[in-house]
Amino acid sequence: MSAVQSASAKGQPAATGAYDVVVVGAGFAGMYMLHRLRQQGLSARVYEQGGDVGGTWYWNRYPGARCDVESMQYSYSFDEELQQEWEWSERYAPQPEILKYAGHVADRYDLRRDIQFDTRVDRAAFDETANRWSVATSDGNTVTAKYVVLATGCLSNARMPDIKGLAGFKGKVYHTGHWPHERVDFTGQRVAVIGTGSSGIQAVPVIAEQASHLTVFQRTANFSIPARNAALTAEEREAFRSNYPEIRRIAREEMRNGIVQEVPDRGALDDGEDERRARFESRWSKGGLTFMGVYNNLAFDKAANDTAADFVRNKIAEIVEDPHTAKLLQPNDHPIGSKRICIDTDYFTTFNRPNVTLVDIKSDPIQGILPHAVRTSAKEIEVDALVLATGFDAMTGSVAKIDIRGRNGQTLNQKWAEGPRTYLGLMSAGFPNLFIITGPGSPSVLSNMIVSIEQHVDWITDCIAHMRDRDLVAIEASRDAEDKWVAHVNEVARTTLYPQANSWYMGANIPGKPQIFMPYIGGVGLYRQICNDVAAKGYEGFAMTAAKPLKRAVSS
Ligand code: NA7
């Protein structure tokens, strides 16, 4: 059965050929984009490689998967009725509930009829004469569209590590970012988890409860703050609901990361030691991402940052009973927060369990995988299952998988060979009518993604409406505006401690990937203002092309 048939089997119409817009991806970005395009009366076709909506939440089904932004804020704000009616159950929503929410949104706005699932976009080429994109999909079909919107997600291209012998492993191999849909039960099994980023840190405590033995292979220790997750009370929900429009406004306009929280009025070194410890202690008890918001200079001043890092290292030493294991779990090679901080439930205490062992693969590297074991330089550890929590080719990985050809046949991969180049993160020069949602050069992964998604979708929708109303056929970022924006993004990053870490923000987790700080760190409020100003000045920095006047028939 072809994918087109399978699309119709799912009750979806087959592609008809020509659209105003093709959207790639049906995660939170693609869904909202489709909704807004329909409101404009535009025709749109969405392609999604997964079997349903949800994007990263469709794939990341590993045990313990949760959002690290609180549920009352990690949700759409575009419809007051939607935000009033949805009932989040916990402070941090577990993955199944976020997926259910995505499904609810798809049902509520009848989105699925324009989404073709189980279908990848393989190629997209811009026809400079017609000013249209030609889009080829994995079902063998080709459609055309005036615009293409890449809603491909930042953390959706799971990365398999290049470890010798992996293919010959006889047990089951799982990647956290591509977890099976069937229930996985590790009861009675010897399990290895490789990787201790956010996914590993969330999965480890849950797997440890099932496995007969769990071995955690850590290359780099990470900072993690307790989530203090709990059921939401009716009062807590009501506190948001009764004031949602204002809370959302503050998130969009006043918060650097799009999450409403107390704004610090001082730096870490403005307080004496006792006062500082008391403040850290209070944020540690509160739990969650707001730990980093206790002072206003933790991301900028190394001495200030050290005070927070020391506090967390001391906490790890207090929690973990074996001093050697505690030492290994204490991060010491990057400033706290310069890699995405992890939010956990019982991660460090899990290492006090008798069935959990930590292996430091910096001092004892993995040499290879044997049919029934992981072999390090010093030992062989027999395991029944391997869990790879090794992360993603972040921000650009999913875009790079598509053969995208702009002017003169240049591919986006060729253009981005030295690192991604965009104007405002929204468009790349040489690729007219191609928009990117939460792409490199925008606040994206440094923010509450839904806040950033809504801002981009609204901006793109307004831009397309502007073009339609003026009979314009093409929009393209100018090279000059792009060069200036790329320089600005780098300059702002250099004022912070972020580039000091080998993080996926820098592309450092992918061998051979250019190391450039990809997201824009100026904050969502400032960034929104810049985007609005650009639009208000007639899309400054973009070149727009008018439709050629139709030739009149000459009568003799
Ligand atoms: P991350 O944060 O990229 O973490 C991946 C982890 O896997 C990290 O500890 C890596 O160590 C480790 N890793 C990667 N490759 C290998 C190999 N080959 N051998 C051993 N260990 C390896 O991905 P996550 O999925 O945890 O989280 C991504 C984001 O999702 C997160 O920030 C949240 O925003 C949600 P390294 O640090 O490179 O030494």
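Residues numbered from 1 in each chain as written. Predicted model: local features only at pLDDT ≥ 70, side-chain atom pairs only at ≥ 80, totals over all residues. Heavy atoms only, no water.

**Description of the side chain of Asn-305**
Item 1. Relative to the assigned elements, Asn-305 resides in helix H10 (residues 302-319).
Item 2. Overall, the relative accessible area of 0% leaves Asn-305 in the buried class.
Item 3. Beyond its immediate stretch of four places on either side in the chain, Asn-305 contacts Leu-298, Pro-335, Ile-336 and Leu-497. (Helix = DSSP H or I, 4+ residues; strand = E, 2+ residues; numbered from the N terminus. Buried < 20%, exposed > 50% of the residue type's maximum accessible area, 1.4 Å probe, protein only. Contact = heavy atoms within 4.5 Å.)

**What to know about the domain arrangement of the chain**
Item 1. As assigned here, the chain comprises domain 1 (3-157 + 394-487 + 522-546), domain 2 (160-222 + 340-391) and domain 3 (261-338).
Item 2. Put simply, the middle of domain 2 and the middle of domain 3, counted by C-alpha atoms, are 27 Å apart.
Item 3. Listed as interface residues are 15 residues of domain 2 and, on the opposing side, 16 residues of domain 3.
Item 4. Of the roughly 1400 Å² buried where domain 2 meets domain 3, counting both sides, 72% is carbon and sulfur surface.
Item 5. It is Ile-341, Phe-348 and Asn-352 in domain 2 that bury the most area against domain 3; as a group they hold 42% of the surface buried on that side.
Item 6. The interface formed by domain 2 and domain 3 contains one salt bridge.
Item 7. A salt bridge links Asp-333 to Lys-362, with the shortest nitrogen-to-oxygen separation between them at 3.8 Å.
Item 8. Counting residues per element, the ones that place at least two in the side of domain 2 that touches domain 3 are helix H12 (347-350) and strand S12 (356-360).
Item 9. Per-element accounting of the side of domain 2 that touches domain 3 gives the leading share, three residues, to H12. (Domains from an automatic or database assignment. Buried area = accessible area lost by both parts, 1.4 Å probe. Salt bridge = Lys/Arg side-chain N within 4 Å of Asp/Glu carboxyl O.)

**What to know about the side chain of Gln-83**
Item 1. Position of Gln-83 among the secondary structure elements: in helix H4 (residues 80-85).
Item 2. Of the residues examined, Gln-83 reaches a relative accessible area of 7% and is grouped as buried.
Item 3. Sequence-distant contacts of Gln-83, defined by excluding residues within four places in its chain, comprise Tyr-76, Ser-77, Arg-241, Tyr-244, Pro-245 and Arg-248.

**Focus: the sheet that holds strand S14 (residues 373-376)**
Strand pairing in a sheet is mediated by backbone hydrogen bonds. Such pairs are either parallel or antiparallel.
Item 1. The sheet built from three strands is open, its strands ordered S13-S14-S15 with antiparallel pairing. Edge positions in the open sheet fall to strand S13 (366-370) and strand S15 (380-382), since each of these has one partner strand only. Averaged over all neighbouring strand pairs, the angle between strand axes comes to 20°, with direction disregarded.
Item 2. Sheet topology places S13 next to S14; four bridges connect them, and they run antiparallel. Within the sheet, the bridge partner assigned to Ile-366 lies in S14 and is Thr-376. (Pairing = 2+ DSSP bridges. Axes fitted to C-alpha atoms, helices over the stretch in contact; angles between N-to-C directions.)

**What about the sheet that holds strand S9 (residues 213-218)?**
Item 1. In spatial order, the strands read S7-S16-S8-S9-S12; together these five strands make up an open sheet with parallel pairing. Looking at which strands have only one partner, the edges of the open sheet turn out to be strand S7 (172-175) and S12. The sheet shows a mean angle of 20° between the axes of neighbouring strands, direction not considered.
Item 2. As paired elements, strand S8 (residues 190-194) and strand S16 (residues 385-388) share four bridges and run parallel to each other. Note on S16: the bridge partner recorded for Ala-192 is Leu-386.

**Overview of the pairing of strand S1 (residues 18-24)**
Item 1. Of all the seven residues making up S1, five are buried; the element is thus mostly covered by neighbouring parts of the structure.
Item 2. Strand direction decides the pairing type here: S1 and strand S6 (residues 142-150), joined by six bridges, are parallel. From the neighbouring strand, Val-22 faces S6, where its bridge partner is Val-148.
Item 3. Pairing of S1 with strand S2 (residues 44-47) involves four bridges; the strand directions are parallel. Its bridge partner lying in S2, Val-24 is registered against Tyr-47.

**Quick word on the packing of aromatic side chains**
Item 1. Under the defined criterion, the tally for this structure stands at 37 aromatic pairs.
Item 2. On the basis of an interplanar angle of 80° and a centroid distance of 6.4 Å, the ring pair of Trp-284 and Phe-291 is categorised as edge-to-face.
Item 3. Residue classification places Trp-284 among the buried residues on the basis of a relative accessible area of 7%. (Phe/Tyr/Trp six-rings, centres within 6.5 Å; stacked < 30°, edge-to-face > 60°.)

**Side note on the site of the ligand**
Item 1. As a matter of local geometry, the ligand sits amid 19 residues, with Thr-196, Ser-198, Ser-199, Arg-219 and Thr-220 nearest to it.
Item 2. Within the contact set of the ligand, an oxygen atom lies 3.2 Å away from a side-chain nitrogen or oxygen of Lys-339.
Item 3. If the ligand stood free it would expose 780 Å²; the protein chains cover 86% of that surface.
Item 4. Across the shell around the ligand, the residue classes tally to seven nonpolar, eight polar and four charged. (Near = heavy atom within 4 Å. Polar contact = N/O pair within 3.5 Å; in protein donor to acceptor, adjacent residues only side chain to side chain. Areas by Shrake-Rupley, 256 points an atom, 1.4 Å probe, with all protein chains shown as cover. Nonpolar A, V, L, I, M, F, W, Y, C, P; charged D, E, K, R; others polar.)

**A short note on the nonpolar core**
Item 1. In this structure, Phe-28, Phe-435, Trp-459 and Phe-542 are the most contacted members of the largest nonpolar core, which totals 84 residues.
Item 2. In contact with Trp-459, other than residues within four places in its own chain, are Leu-426, Phe-435, Cys-531, Asn-532, Val-534, Ala-535, Tyr-539 and Phe-542.
Item 3. If you look at the next biggest cluster of nonpolar residues, it comprises 50 residues, including Val-184, Ala-203, Leu-298 and Tyr-347. (Core = buried A, V, L, I, M, F, W, Y, C linked by side-chain atoms within 4.5 Å.)

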